[in-house]
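What follows is the residue order along each chain.
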Amino acid sequence: MYLGVSVRPRLRVRTGRHTTGLGLVLCTRQARAELGTRTMLAMAAMGVLPSAEDKPRYVARMFGRIAHRYDLMNALMSLGMDRGWRGIVADEASVEGARRVLDVGTGTGQVALTLRERMSVGASVVGVDFAEPMLRAGSPSVAGAVHLGAADALRLPFPAETFDAVVSAYLVRNLVDVHAGLREQVRVLRRGGRLVVLEITPGPGGILRPLFRLYFRGIVPLLGRLVAGESEAYTYLPESAAAFLQPERLADLLRDAGVQDVRVQRVGLGSVAITSGTKG
Ligand SMILES: C[S@@+](CC[C@H](N)C(=O)[O-])C[C@H]1O[C@@H](n2cnc3c(N)ncnc32)[C@H](O)[C@@H]1O
């Protein structure tokens, strides 16, 4: 598994013993990979995608390669809608009165920054990711507003019930074990806190389906090659989305993990789902 490294002085993280610059001593826990393994076998069968064993390293390296163009590609691919989706994540997380919020798989920290902008002075947002180049590629305003650190989403370096809200955007599809990842997020969330998951769906149905497939599997990899110099990462994107869970199934996993009142909002013509609820 990927070893976290310190990328910002504000939050120092080492995997294994799991100690942080916040002075927290943390518990470790073995992730079980039942669901993840099944999902990954299906994904591997599609050819483009890594095996479950290779996935963490593959994903970390891939995001390392595209980090310098990540934000631009996000804006282009979503036709500028990504900003509005981040706003919905913040709305669903109800961060206005929150003291501590966690963004898992924060990447360049855009979601974390949106959360921070809505929170009061003295409140803090922590963003963790296992791809150091993604953390470094964030804008200076992110580094000034968010506590960034390296950590594996399957072994978050925080004690139970640390945060008032835990969010992730475009993360869970990349995990070897989605269920374990959600349980880990719920573990560090306080009772009554909000969990929000934004993720790409396998795609809309009906007449939009062929158009979506053409765009996602044809235009997006081309855009990736032209803008980021990377067609592999932007081939992985539509293939991993196609192999991912339908939003209703993801909502079931949230419920299994202990989240109540789960709600699914589809945006981007059904290409993205924002799933949220409250820890019971
Ligand atoms: C598609 S990017 C999303 C970044 C950001 N959340 C956003 O909204 O743009 C997915 C991020 O999740 C991170 N990631 C994937 N698997 C991870 C894991 N097991 N632990 C920590 N970060 C992970 C990747 O390194 C990458 O930065």
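Described below are features of the structure shown in this document. Every chain's residues receive numbers from 1 upward, in the order its sequence appears when written. Owing to the predicted nature of the model, reporting of local features is limited to residues with pLDDT of at least 70; listing and counting of side-chain atom pairs is limited to 80 or more, with chain, interface and lining totals taken over all residues. Side-chain measures here rest on the full set of heavy atoms in the structure, leaving out hydrogens and waters.

1. Details of a nonpolar patch on the surface
- Here a patch means residues that are over 30% exposed by relative accessible area and free of salt bridges, tied together within 9 Å if like-charged and within 5 Å if nonpolar (Val, Leu, Ile, Met, Phe, Trp, Tyr). Throughout, the Shrake-Rupley method with a 1.4 Å probe supplies accessible areas, and for residues the shown protein chains are the sole cover considered. We define a salt bridge as a side-chain nitrogen of Lys or Arg found within 4 Å of a carboxyl oxygen belonging to Asp or Glu. Taken together, Ile207, Leu208, Leu211 and Leu269 make up a surface patch of nonpolar side chains, about 460 Å² in accessible area.
- Under the relative-accessibility criterion, isoleucine 207 is labelled exposed at 76%. Note on exposure labels: buried denotes an accessible area under 20% of the residue type's maximum, exposed denotes more than 50%, and partly exposed covers the range between, all computed with a 1.4 Å probe on protein chains only.

2. Comments concerning the packing of helix H8 (residues 178-187) against helix H11 (residues 247-256)
- Two elements in contact, H8 and H11, have axes whose closest approach is 9 Å; the angle formed by their N-to-C orientations is 50 degrees. Relative to H11, the element H8 lies oblique. At the point where H8 passes H11, the crossing takes the right-handed sense. When H8 is examined against H11, the residues Val178, His179 and Leu182 are found in contact with a partner set consisting of Leu250, Leu253, Leu254 and Asp256. Where helices are involved, their axes are fitted lines through C-alpha atoms of the stretch in contact, as for all axes, and angles between N-to-C directions lie from 0 to 180°. Elements are defined by DSSP. Helices are runs of H or I of four residues or more, strands are runs of E of two residues or more, and each kind is numbered from the N terminus. For this classification, under 35 degrees means roughly parallel, over 145 means roughly antiparallel, 65 to 115 means roughly perpendicular, and everything else is oblique. Less than a right angle of anticlockwise turn of the near helix away from the far helix marks a crossing as left-handed, whereas a clockwise turn marks it as right-handed. The contact criterion used is simple: two residues touch if any of their non-hydrogen atoms lie within 4.5 Å.

3. Here we look at the site of the ligand
- Any residue with a non-hydrogen atom lying within 4 Å of a molecule or strand is treated as near it. Inspection of the region around the ligand gives 20 residues, with Tyr70, Gly105, Asp129, Ala153 and Ala169 positioned closest.
- Here an oxygen atom of the ligand sits 2.6 Å away from a polar atom, N or O, in the side chain of aspartate 129.
- In protein, a polar contact means a hydrogen-donor-capable atom and an acceptor-capable atom, both N or O and within 3.5 Å, with residues adjacent in sequence counting only if both atoms are side-chain atoms; elsewhere, any N or O pair within 3.5 Å suffices. In this structure, a nitrogen atom belonging to the ligand sits 2.9 Å away from a main-chain N or O atom of alanine 169.
- Starting from 590 Å² of accessible surface for the ligand in isolation, the protein chains cover 97%.
- Mapped onto the shell around the ligand, the elements with two or more residues apiece are helix H2 (55-66) and helix H3 (70-77).
- Residues are sorted three ways: Asp, Glu, Lys and Arg are charged, Ala, Val, Leu, Ile, Met, Phe, Trp, Tyr, Cys and Pro are nonpolar, and all the rest, Gly among them, are polar. By residue class, the composition of the shell around the ligand is 13 nonpolar, five polar and two charged.

4. Observations regarding the nonpolar core
- Phe63, Val101, Leu115, Leu198 and Tyr234 are the most contacted members of the largest nonpolar core, which has 51 residues in total.
- Ignoring any residue separated from it by four or fewer positions in sequence, one finds valine 101 in contact with Val95, Leu115, Met119, Ser124, Val125, Val126, Phe163 and Ala165.
- By nonpolar core is meant a set of buried Ala, Val, Leu, Ile, Met, Phe, Trp, Tyr and Cys residues that side-chain atoms within 4.5 Å join together. Counting residues in hydrophobic clusters, the runner-up holds 31 residues, among them Val166, Val186, Val197 and Leu253.

5. Notes on the sheet that holds strand S5 (residues 147-150)
- The strand order across the open sheet built from seven strands is S5-S4-S3-S6-S7-S9-S8, with neighbouring strands paired in mixed fashion. Each having just a single partner strand, S5 and strand S8 (259-267) make up the two edges of the open sheet. The mean inter-strand angle of the sheet, taken between neighbouring strand axes irrespective of direction, is 15 degrees.
- Contacting strand S6 (163-169), strand S7 (189-200), S8 and strand S9 (272-279), helix H4 (residues 82-93) crosses the sheet at an angle of about 160 degrees to S7. Two strands are counted as paired when DSSP detects at least two bridges linking them.

6. Description of H4
- Take the number of residues in a helix, subtract one, and multiply by 1.5 Å to get its expected span. Between the first and last C-alpha of H4 there are 17 Å, a value that for twelve residues agrees with the 16 Å anticipated at 1.5 Å per step.
- Taken together, the buried positions of H4 are Asp82, Trp85, Arg86, Gly87, Val89, Ala90, Glu92 and Ala93.
- The inward-facing, buried residues of H4 contact H3, helix H5 (110-117), S6, S7, S8 and S9.
- Of the residues one or two after H4, serine 94 is the one with positive phi, at around 50 degrees.

7. Focus on the pairing of strand S3 (residues 100-104)
- Most of S3 sits inside the fold, with four of its five residues counted as buried.
- Where S3 meets strand S4 (residues 124-129), five bridges bridge the pair, whose relative direction is parallel. When the sheet's bridge partners are listed, leucine 102 is paired in S4 with valine 126.
- The path from the first strand over the helix to the second decides the hand: if it runs clockwise while the strands point away from the viewer, the crossover is right-handed. Crossover connection from S3 via H5 to parallel S4: handedness right-handed.
- Relative to S6, S3 runs parallel, the two sharing four bridges. Paired with valine 101 across the two strands is alanine 165, which belongs to S6.

8. Quick word on the pattern of salt bridges
- Per the counting criterion, the structure on display carries 16 salt bridges.
- One salt bridge in this structure joins glutamate 92 and arginine 194, with 3.1 Å as the shortest N-O distance. Placement of glutamate 92 in helix H4 and of arginine 194 in strand S7 is noted, with a sequence separation of 102 residues between them.
- Exposure remark for glutamate 92: the relative accessible area of 11% places this residue in the buried category.

9. A word on helix H9 (residues 208-228)
- Note that bend, as reported per residue, equals the angle between axes fitted to the 7 residues terminating at that residue and the 7 residues originating from it. The principal kink in H9, of about 30 degrees, is found at isoleucine 219, preceding the proline proline 221 by one to four residues.
- Considered for burial, the residues of H9 that qualify are Phe212, Phe216, Val220, Pro221, Gly224 and Ala228.
- In this fold, the buried residues of H9 make contact with H3, S7 and helix H10 (233-242).

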